[in-house]
Number of protein chains: 2
Amino acid sequence: MLVRAFVPAHITAFFVPVFHDDPLKTGSLGAGINLTKGTNVFVSIETGTLERHIHVAFNGEPVKRENAVISYSVAERLVPEGFIGEVEIWQYFDFPNGYGFGNSAGGALGTALTLSYRFGGTWLRAAQIAHEAEVRHRGGLGDVIAQLAGGIEVRVKAGGPGIGVVDNLFFGDYKVLVVPLGKLSTREVLDGDVVKAIEAEGSKALEKLLAEPTPERMMALAREFAEKTGLLSGELLELARELDKVISTPSSMIMLGKGLFALVRGEEVESAKRLLTDLGVPYDVTEIYEGKPKVGRWFEGDAK
Amino acid sequence: MLVRAFVPAHITAFFVPVFHDDPLKTGSLGAGINLTKGTNVFVSIETGTLERHIHVAFNGEPVKRENAVISYSVAERLVPEGFIGEVEIWQYFDFPNGYGFGNSAGGALGTALTLSYRFGGTWLRAAQIAHEAEVRHRGGLGDVIAQLAGGIEVRVKAGGPGIGVVDNLFFGDYKVLVVPLGKLSTREVLDGDVVKAIEAEGSKALEKLLAEPTPERMMALAREFAEKTGLLSGELLELARELDKVISTPSSMIMLGKGLFALVRGEEVESAKRLLTDLGVPYDVTEIYEGKPKVGRWFEGDAK
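Residues numbered from 1 in each chain as written. Chains lettered and ligands numbered in written order. Predicted model: local features only at pLDDT ≥ 70, side-chain atom pairs only at ≥ 80, totals over all residues. Heavy atoms only, no water.

### Section: a positive patch on the surface
Okay, so step 1: On the surface, Lys 25 and Lys 157 of chain A together with Lys 25 and Lys 157 of chain B cluster together to form a positively charged patch.
Okay, so step 2: Looking at where Lys 157 of chain A falls in the secondary structure, it is placed in strand 6 (residues 152-157).
Okay, so step 3: For Lys 157 of chain A, a relative accessible area of 44% translates into the label partly exposed. (Patch = residues over 30% accessible without salt bridge, like charges linked within 9 Å, V, L, I, M, F, W, Y side chains within 5 Å. Areas by Shrake-Rupley, 256 points an atom, 1.4 Å probe, with all protein chains shown as cover. Salt bridge = Lys/Arg side-chain N within 4 Å of Asp/Glu carboxyl O. Lys, Arg positive; Asp, Glu negative; His and termini not counted. Charge placed at Lys NZ, Arg CZ, Asp CG, Glu CD. Helix = DSSP H or I, 4+ residues; strand = E, 2+ residues; numbered from the N terminus. Buried < 20%, exposed > 50% of the residue type's maximum accessible area, 1.4 Å probe, protein only.)

Below is the structure:
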């Protein structure tokens, strides 16, 4: 039986990390956007072998346990101990790993949903296991709960699924322009001195956004956050300023990746594409993904 | 500007009412199913008049304030006091009012979402206002938060949006057969002696479902709940038994309406339809609605 899941890519606009001894009370406040591209997970399960094996592959290539710690830890919790057979977890990512698109959480949540679908469980428990693995192995703090909410999300109470609270903004007909340029280590940023500035600026941004909860305001606050924390600077900031000349809502920095994102609509889409093409910079345009991740059998019983 | 929303119909399988002085802490525990049919709300707003007017219509017919107390109270909170113009709220229901399909919550939530989309606000605040109106005017306790969750939902912590916690079951390729036969007053049932039995049986059912969280188990527990509370009896119980002869998962009673529902798949769908047609009983078959309600402009800026 082949089970698949889709989990949207999630871009964080601004955030406040919240740590706690209990991983389910650890999380983040902040805001972000879910995209119609993201992580697809396919789980293939074969019985009739003599041992219990779990394999994980990223984009078609098997990965070692130490390079997929989060997914393996989720799988170890959800594949019953007494299960004999081969469990293959194939994860495909529409964006590169480490670029700030929530791939790690997408893989964890997609793995948890597909395995729970197959071996038993519920959405909430699957999501909690994915969140805990993310927190313990420092993949991220708020991506799982944000991906569950969909749309343009605002984390108003920190914590994992069932504890944290996520709100959503109304957003009309925007598309999302993304400019993925490279990696930033969430771990290194969260271990550095910048954390104090992130906490102060993130809290301010959240308060201001809730006073005026619109997508345009979110982008302006995201930009303020990115500049004031010093995370957005140098060439990336220059590129953001170039981009802003052809779009009406400020662009901002993908938290945390070396990259930019912006809300675009109408003619701005083509103007922005032209500019980025002229500059020789990679980009993608996606829709905003609404609703929950998807999970189900590859072929339903009554498929046409 | 015309704004529309779709909110799924919601059938409660079993429940435990939870009352509190704070409407946001009032709610229910239990389980239920969201359907691809439900409530469509269209809001039309015209400025250029001299006064602030709010009108509500059900299925194309204007209704008096006292017959749409919940929708009017939601609208009064969300249309700004200083707004001058005509606000028309058109609600269309796929199932009859009072039959246990969550129309009241669907109208409240659809109204709150469309007006928030137009006048400003967020999903969570809109949903909380709808929930509060439902609780205050006793339309229902758990429909709003269940409709926000979609799918087959399990309310594991009582309360309104942002307070209550809703889990979801995995469910494969089931359709939902509904047999809507008449009204039952939620208000009268909740004021009667049966409440004690509902609390006891509902709590037991929830505990058992969480120990074995599958759609089949939910239906078996719903049926046990319906019979043990005495809500399902007489002719309706006889009809449920007839229906059970041609389907594999037990049917149960719509809480709270004079009606039945069942999960069906494959050839069962036609067998059940044949039986109900032979018996001259009205029925409908719908899909399970996954994800959040929808809200947006009737025509998007870049619609094709």
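After that view of the structure, there is still more to cover.
### Notes on the sheet that holds strand 10 (residues 258-264) of chain A
All names here are of chain A.
Okay, so step 1: Reading across from one edge, 9-10-8-11 is the order of the four strands in this open sheet, with antiparallel pairing throughout. Whereas interior strands pair on both sides, the edge strands pair on one side only; in this sheet they are strand 9 (252-253) and strand 11 (284-286).
Okay, so step 2: The strands touched by helix 8 (residues 234-244) are strand 8 (175-182), strand 9 and strand 10; relative to strand 10, the strand with the most contacts, the crossing angle is about 15°. (Pairing = 2+ DSSP bridges. Contact = heavy atoms within 4.5 Å. Axes fitted to C-alpha atoms, helices over the stretch in contact; angles between N-to-C directions.)

### Side note on the packing of aromatic side chains
Okay, so step 1: Enumeration according to the criterion identifies 18 aromatic pairs over all chains in this entry.
Okay, so step 2: Taking 5.8 Å as the distance between ring centres and 75° as the angle between the ring planes, the aromatic pair formed by Tyr 117 of chain A and Phe 170 of chain B counts as edge-to-face. With Tyr 117 of chain A in helix 2 (residues 103-119) and Phe 170 of chain B in the loop between strand 7 (165-169) and strand 8 (175-182), this residue pair bridges two chains. Both residues of the pair, Tyr 117 of chain A and Phe 170 of chain B, count as buried.
Okay, so step 3: If you follow Arg 118 of chain A out to its NZ or CZ, it ends over the ring of Phe 119 of chain A, 4.8 Å from the centre. (Phe/Tyr/Trp six-rings, centres within 6.5 Å; stacked < 30°, edge-to-face > 60°. Lys NZ or Arg CZ within 6 Å of the ring centre and 35° of its normal.)

### Some remarks on the relation of the copies chain B and chain A
Okay, so step 1: Here chain B sits on chain A after a turn of 180° about the axis and a move of 0.0 Å along it, with an RMSD of 0.0 Å. The superposition operator between the copies reduces to a two-fold rotation axis. Closest approach to the rotation axis within chain B is made by the C-alpha atom of Gly 291 of chain B, at a distance of 2.4 Å.
Okay, so step 2: A share of 100% of the interface residues of chain B reappears at the interface of chain A, consistent with the copies meeting face to face through the same patch. (Least-squares fit on C-alpha atoms with pLDDT ≥ 70 in both.)

### A few points about the environment of Ile 163 of chain B
All names here are of chain B.
Okay, so step 1: Among the structural elements, Ile 163 can be located in the loop between strand 6 (152-157) and strand 7.
Okay, so step 2: Classification of Ile 163 by relative accessible area gives partly exposed; the value is 28%.
Okay, so step 3: The spacing of Ile 163 and Ala 205 is 42 residues in sequence and 22 Å in space, taken between C-alpha atoms.
Okay, so step 4: Dropping the residues within four chain positions of it, Ile 163 is found in contact with Leu 24, Lys 25, Lys 157 and Ala 158.

### A closer look at the nonpolar core
Soluble globular proteins tend to pack their nonpolar side chains together in the buried interior.
Okay, so step 1: With 62 residues, the main nonpolar core has Phe 14, Ile 33, Leu 35, Phe 101 and Met 218 of chain B as its most contacted residues.
Okay, so step 2: Structurally, this core is a two-domain feature, drawing no fewer than three residues from each of domain 1 (2-167) and domain 2 (171-287) of chain B.
Okay, so step 3: Not counting residues within four places of it along the chain, the set of residues in contact with Phe 14 of chain B comprises Leu 29, Gly 30, Ala 31, Arg 155, Gly 202, Ala 205, Leu 206, Leu 209, Met 218, Leu 221, Ala 222 and Phe 225 of chain B.
Okay, so step 4: Counting residues in hydrophobic clusters, the runner-up holds 61 residues, among them Ala 31, Tyr 99, Val 189 and Leu 256 of chain A. (Core = buried A, V, L, I, M, F, W, Y, C linked by side-chain atoms within 4.5 Å. Domains from an automatic or database assignment.)

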